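A closer look at the structure
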Amino acid sequence: MTDQPPKTPEPSGVDLARVALRAAKEQARARGAAAQQKKQARRGGLRSGARADGRDPLPLGAAINRLITERGWEAPAAVGGVMGRWPQMVGPEVAQHCEPQRYDEDARVLTVRCDSTAWATQLRLLAPQLVARLNADLGQGTVRLIKVLGPGGPPRRYGSLRAPGSTGPGDTYG
């Protein structure tokens, strides 16, 4: 037995025709671009004309969409849109008590703060359905986890007497 690599099938007539057509299109496109550049150079550089070209002004929405696409900001922009539509996504009652805070793109975690521990518990129970709804709207895998935070309280103060300007019990050491 000889160890020969498996033979790949030879391209058929249709495949060869497709390859030849693709190569001919690329060559024609390159010749057209070169002719266009030569023509512009003869005229003294780029000029504005009656037809649209790449230098024409864009509407603001189209310019922003192009910038988002070029920079790869599609997911953060989509999640930002969800934060704006939060009441429609979760309902007015939940939106009244729970507010999205931030989105971590690397970990794909949406952080939500609730105004009471009862609502935080309720949102933790609803989190799997909410993740599914967000991913259906934004694209699969955009949000992997919803991190639910309870209400934030004022900073703790130890003791009734405090020195002016002190930052707590640790400010007297070193």
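Everything in this summary refers to the structure shown in the same document. Here the structure is a predicted model, which means the values were calculated and not measured. (Residues numbered from 1 in each chain as written. Predicted model: local features only at pLDDT ≥ 70, side-chain atom pairs only at ≥ 80, totals over all residues. Heavy atoms only, no water.)

Let us look at the overall build of the protein. In terms of regular secondary structure, the protein is built from six helices and three strands. Taken from N to C terminus, the helices and strands of the protein fall in the order α-α-α-α-α-β-β-α-β. Evaluated residue by residue, the protein yields a buried proportion of 17% over its 174 residues. When contacts within the protein are restricted to residue pairs at least 6 apart in sequence, those whose partners lie at least 24 apart make up 50%. Per element, the accessible surface of the protein, about 13800 Å² overall, is 55% carbon and sulfur. (Helix = DSSP H or I, 4+ residues; strand = E, 2+ residues; numbered from the N terminus. Buried < 20%, exposed > 50% of the residue type's maximum accessible area, 1.4 Å probe, protein only. Contact = heavy atoms within 4.5 Å. Areas by Shrake-Rupley, 256 points an atom, 1.4 Å probe, with all protein chains shown as cover.)

Our focus in this paragraph is the pattern of salt bridges. All told, the structure shown has three salt bridges when counted by the stated rule. In this structure, glutamate 26 engages arginine 29 in a salt bridge whose closest nitrogen and oxygen atoms are separated by 2.9 Å. Of this pair, glutamate 26 and arginine 29 both sit in helix α1 (residues 13-43), separated by three residues, roughly a single helical turn. By relative accessible area, arginine 29 is classed as exposed at 51%. The salt bridge partner of glutamate 70 is arginine 66, with a shortest N-O separation of 3.6 Å. Taken together, the residues glutamate 70 and arginine 66, both in helix α2 (residues 60-71) and four residues apart, mark about one turn of the helix. Taking the relative accessible area as the measure of exposure, glutamate 70 reaches 59% and is therefore exposed. (Salt bridge = Lys/Arg side-chain N within 4 Å of Asp/Glu carboxyl O.)

Before going further, it helps to spend a moment on the pairing of strand β2 (residues 109-114). Where burial is concerned, most of β2 is hidden: five out of the six residues are buried. Relative to β2, strand β1 (residues 98-104) runs antiparallel, the two sharing six bridges. The residue of β2 that forms the bridge with proline 100 is valine 112. In this sheet, strand β3 (residues 145-149) lies alongside β2 in parallel orientation, the contact comprising five bridges. Looking at the pairing, valine 109 lines up with leucine 145 of β3. The parallel pair β2 and β3 is bridged by helix α6 (residues 117-138), and the resulting crossover is right-handed. (Pairing = 2+ DSSP bridges. Right-handed = clockwise from strand over helix to strand, strands pointing away.)

Running from N to C, helix α3 (residues 74-84) and α6 cross one another at 125°; their axes reach a closest spacing of 11 Å. As judged from the angle between their axes, α3 and α6 are oblique. You can see that α3 and α6 cross each other, and the crossing is right-handed. When α3 is examined against α6, the residues Ala78, Val79 and Val82 are found in contact with a partner set consisting of Leu134, Asp137 and Leu138. When the residues that make up the contact of α3 with α6 are grouped by side-chain class, the tally is five nonpolar, no polar and one charged. (Axes fitted to C-alpha atoms, helices over the stretch in contact; angles between N-to-C directions. Parallel < 35°, antiparallel > 145°, perpendicular 65-115°, else oblique. Left-handed = near helix turned anticlockwise from the far one by under 90°. Nonpolar A, V, L, I, M, F, W, Y, C, P; charged D, E, K, R; others polar.)

Backbone-to-backbone hydrogen bonds join strands into a sheet, with any given pair of strands oriented parallel or antiparallel. Within the open sheet, the three strands sit side by side as β1-β2-β3. Their pairing is mixed. This sheet does not close on itself; its edge strands, each paired only once, are β1 and β3. On average, each strand axis in the sheet is tilted by 25° relative to the strand beside it, whichever way the strands run. Strands in contact with α6 are β1, β2 and β3; relative to β3, the strand with the most contacts, it is inclined by about 160°.

Such coordinate-based values are descriptive only and should not be taken to indicate function.
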